[in-house]
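# Fold and contact review
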Amino acid sequence: MLDALCFWLETDLIMVKRKTTRRAFLKGSVAIGGAALTAGTSVKAGEGDPLITETQEWAQFTGDGVDATPYGMPIDFESDVVRRNVEWLTADTISSVNFTPIHALDGTITPQGCAFERNHSGAIELPKEDYRLMINGLVDRPLVFTYEDLERFPRENHVYFCECAANTGMEWAGAQLNGAQFTHGMIHNMEYTGIPLRTILNEAGLKSEGSWIFVEGADASSNGRSIPIEKALDDVFVAFKANGEALRKEHGYPVRLVVPGWEGNMWVKWLRRVEVTDQPIESREETSKYTDTLADGTSRKWTWVMDAKSVITSPSPQAPITHKSGPLVISGLAWSGHGAITRVDVTLDGGKNWFQARLAKPGERKALTRFYLDIDWNGKDMFLQSRAHDETGYVQPTKEQLRNVRGLNSIYHNNCIQTWWVKKGGEVENVEVS
Ligand code: MTE
Ligand code: CO
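Residues numbered from 1 in each chain as written. Chains lettered and ligands numbered in written order. Predicted model: local features only at pLDDT ≥ 70, side-chain atom pairs only at ≥ 80, totals over all residues. Heavy atoms only, no water.

What follows concerns the sheet that holds strand S18 (residues 341-347). In spatial order, the strands read S19-S18-S22-S23-S24; together these five strands make up an open sheet with antiparallel pairing. Looking at the sheet topology across the chains shown, the edges are occupied by strand S19 (354-356) and strand S24 (428-431). Going across the sheet, the axis of each strand differs from the next one's by a mean of 30 degrees, ignoring polarity. Looking at chain direction, strand S22 (residues 382-390) and strand S23 (residues 419-422) are connected through three bridges and run antiparallel. Across the sheet, leucine 384 pairs through a bridge with tryptophan 420, a residue of S23. (Pairing = 2+ DSSP bridges. Helix = DSSP H or I, 4+ residues; strand = E, 2+ residues; numbered from the N terminus. Axes fitted to C-alpha atoms, helices over the stretch in contact; angles between N-to-C directions.)

Next comes the structure, spelled out in structure tokens:
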């Protein structure tokens, strides 16, 4: 049976190889130089390569048994694909943030183990058995749910991105952090399983004066936030699984709030209480902290929706080009809190000429979209940028356009176009172009 399967796999592989002709490959790529387009090493050049001609160690001995890793971890060779923090950014690692290694990932789903974490008072350990969710305030019946109670409501699955409002926040005054992980890595994208918040609000019976909800977590910071009732009844979600398995401790185990398209600070982790109110509760220091400075010195607040944004993840400073010239896959991520990404453009020359990138799949609402541009690199300098368009017709602004409105002293909501300077030799640097 196993033999038959192997045979089938092999023949299938041969068929796939035949279908991918050189012509088909050329058609889908953008030629920017005269370099020959060959992605592989020819058989002749491979001659004398012991990896081809000699039986390797891994084929001479048997591998690990199926009991070696009951919960699988990435292979050691990938041990640098990890979350990282920036030491000087915060006073300690408790009220702090680390960053998703977006430069090393592909597709759109962020594995939980490398999805960024942002905590105001550390990641707590809350046993499922001790979990309680209280609904109170302007409701007919204040209720308390256990984890098991939540599991008895009809369940849904949704993929959404979560972006911290401070993502790219260090880049307002100038290009600062040399890596997509650090400039854009306060984002993750997971498939959540849970129940719409509206389900449990309806269970408690909303009073007609209820126009806001105040949500808080079980951690010391509690991270209390106010959300308008329209959003709460629309797509706010109470999640207890991510990417098919239980939430990780650092992402709010056992239950977190998912607020699609809105800034990460509203996605309350370790969700313990939802109070229905007739006005926003602003007493907590954190609620008023998330305001945006404008160029004229005034501030704006309640900028909850994350505007359309994109970034090239590879090549990028931590993912330099390792070949001198020829076929090169430029890849990145785009997203919009207002809906689906409809188009992404990529420029190789700092914005003079734009090419429409290929979306790996049609954009999904409030979720990450993967894009690719396949080029024939001539080995010379490039100034790479990507520009996202969303379903509302909004186009991601340049850094200059954003600064004209928001000045240099903003922290939050920086969704400007990012520039990577690819140098001859393949090294990449975070720069600004004017
Ligand atoms: N919820 C609680 N209870 N405590 C927190 O510190 N941090 C918020 C939000 N929810 C926070 C919280 C912030 S600022 C962000 S950006 C997101 O959680 C980050 O979610 P993550 O840690 O799963 O990436
Ligand atoms: Co945040």
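Judged by nonpolar contacts, the single largest core of 57 residues is most densely connected at Leu150, Ile200 and Leu271. The dominant element in this core, judged by the number of residues it contributes, is strand S10 (residues 237-242), at five residues. Apart from the residues within four sequence positions on either side, leucine 271 is in contact with Tyr131, Arg132, Leu133, Val215, Glu216, Gly217, Val238, Val255, Arg256 and Leu257. Ala180, Val311, Trp335 and Val344 belong to the second-largest nonpolar core, a separate cluster that totals 29 residues. (Core = buried A, V, L, I, M, F, W, Y, C linked by side-chain atoms within 4.5 Å. Buried < 20%, exposed > 50% of the residue type's maximum accessible area, 1.4 Å probe, protein only. Contact = heavy atoms within 4.5 Å.)

Close contacts around ligand 1 come from 21 residues, with Phe116, His120, Asp219, Arg256 and Lys269 the closest. At a separation of 2.8 Å, a nitrogen atom of ligand 1 approaches a polar side-chain atom of aspartate 219. Lysine 269 is positioned such that a nitrogen or oxygen atom in its side chain is 2.4 Å from an oxygen atom of ligand 1. Taken by itself ligand 1 offers 530 Å² of open surface, and the protein chains cover 100% of this. (Near = heavy atom within 4 Å. Polar contact = N/O pair within 3.5 Å; in protein donor to acceptor, adjacent residues only side chain to side chain. Areas by Shrake-Rupley, 256 points an atom, 1.4 Å probe, with all protein chains shown as cover.)

Turning next to the packing of aromatic side chains. For the structure on display, the rule yields eight aromatic pairs. Ring centres of tyrosine 147 and phenylalanine 240 lie 5.6 Å apart, and the angle between their planes is 70 degrees; this geometry places the pair in the edge-to-face category. Of this pair, tyrosine 147 sits in helix H5 (residues 147-151) while phenylalanine 240 is found in strand S10, placing the two residues 93 residues apart along the sequence. A connected cluster of aromatic rings, assembled from ring pairs, spans Trp212, Trp262 and Trp304. A cation sits over an aromatic face here: arginine 387 above tryptophan 354, 4.0 Å from the ring centre. In this structure, lysine 423 is placed above the aromatic ring of tryptophan 421, and the distance from its NZ or CZ to the ring centre is 4.4 Å. (Phe/Tyr/Trp six-rings, centres within 6.5 Å; stacked < 30°, edge-to-face > 60°. Lys NZ or Arg CZ within 6 Å of the ring centre and 35° of its normal.)

With that out of the way, let us pick up the sheet that holds strand S5 (residues 143-146). Taken together, five strands build an open sheet; the order of strands is S5-S4-S13-S8-S9 and the sheet is mixed. With one partner strand each, in any of the chains shown, S5 and strand S9 (225-228) form the two edges of the open sheet. Mean inter-strand twist for the sheet, computed between neighbouring axes without regard to direction, equals 20 degrees. Across six bridges, strand S8 (residues 212-217) lies against strand S13 (residues 271-277) in antiparallel orientation. Among the inter-strand pairings, glycine 217 is bridged to a residue of S13, identified as leucine 271.

For helix H10 (residues 399-406), every residue scored as buried is listed here: Lys399, Leu402, Arg403 and Arg406. Taken down its axis, H10 places every buried residue within 100 degrees of arc, on the same side. Within H10, the exposed residues directed more than 90 degrees away from the buried face are Glu400 and Asn404. Close packing links the buried residues of H10 with strand S14 (291-293) and strand S15 (299-301). (Arc of directions from axis to C-beta.)

On to the pattern of salt bridges, then. Side-chain pairing between opposite charges can occur once the charged atoms of the two side chains come close. According to the stated counting rule, one finds 21 salt bridges in the structure shown. One salt bridge connects arginine 152 with aspartate 149, and the closest N-O pair in it is separated by 3.6 Å. Among the salt bridges present, the one from glutamate 216 reaches arginine 272, with a minimum N-O distance of 3.5 Å. Of this pair, glutamate 216 sits in strand S8 while arginine 272 sits in strand S13, and the two are 56 residues apart along the sequence. Taking relative accessible area as the criterion, glutamate 216 reaches 6% and is therefore assigned buried. Residue arginine 272 is classed as partly exposed on the basis of its relative accessible area, which comes to 34%. Among the charged side chains, a salt-bridge network with shared partners connects Glu216, Arg272, Arg273 and Glu275. (Salt bridge = Lys/Arg side-chain N within 4 Å of Asp/Glu carboxyl O.)

Attention now goes to a negative patch on the surface. Judged by side-chain charge, Glu129, Asp130, Glu148 and Glu151 come together as a negatively charged surface patch. With respect to the element layout, glutamate 129 can be found in the loop between strand S3 (118-119) and strand S4 (132-137). (Patch = residues over 30% accessible without salt bridge, like charges linked within 9 Å, V, L, I, M, F, W, Y side chains within 5 Å. Lys, Arg positive; Asp, Glu negative; His and termini not counted. Charge placed at Lys NZ, Arg CZ, Asp CG, Glu CD.)

A word on the confidence of the model for the protein. Where the model shows low pLDDT, its predicted coordinates should not be examined in detail. Overall, the prediction assigns the protein a mean pLDDT of 90, with 89% of residues at 70 or greater. Contacts of residues 1-28 to residues separated by more than four positions or lying in other chains number seven contacts, the stretch itself having pLDDT below 50. (pLDDT = per-residue confidence, 0-100.)

This next bit is on the pairing of strand S17 (residues 326-335). Burial of S17 is extensive: nine of the 10 residues sit out of reach of the surface. The sheet contact formed by strand S16 (residues 309-314) and S17 spans five bridges and is antiparallel. The partner of serine 314 across the bridge, within S17, is serine 331. Relative to strand S21 (residues 369-377), S17 runs antiparallel, the two being bridged by nine bridges. When the sheet's bridge partners are listed, proline 327 is paired in S21 with aspartate 376.

Turning our attention to the pairing of S22. With eight of nine residues buried, S22 lies mostly within the body of the structure. Pairing of S18 with S22 involves six bridges; the strand directions are antiparallel. Within S22, the position partnered with valine 346 by the bridge is serine 386.

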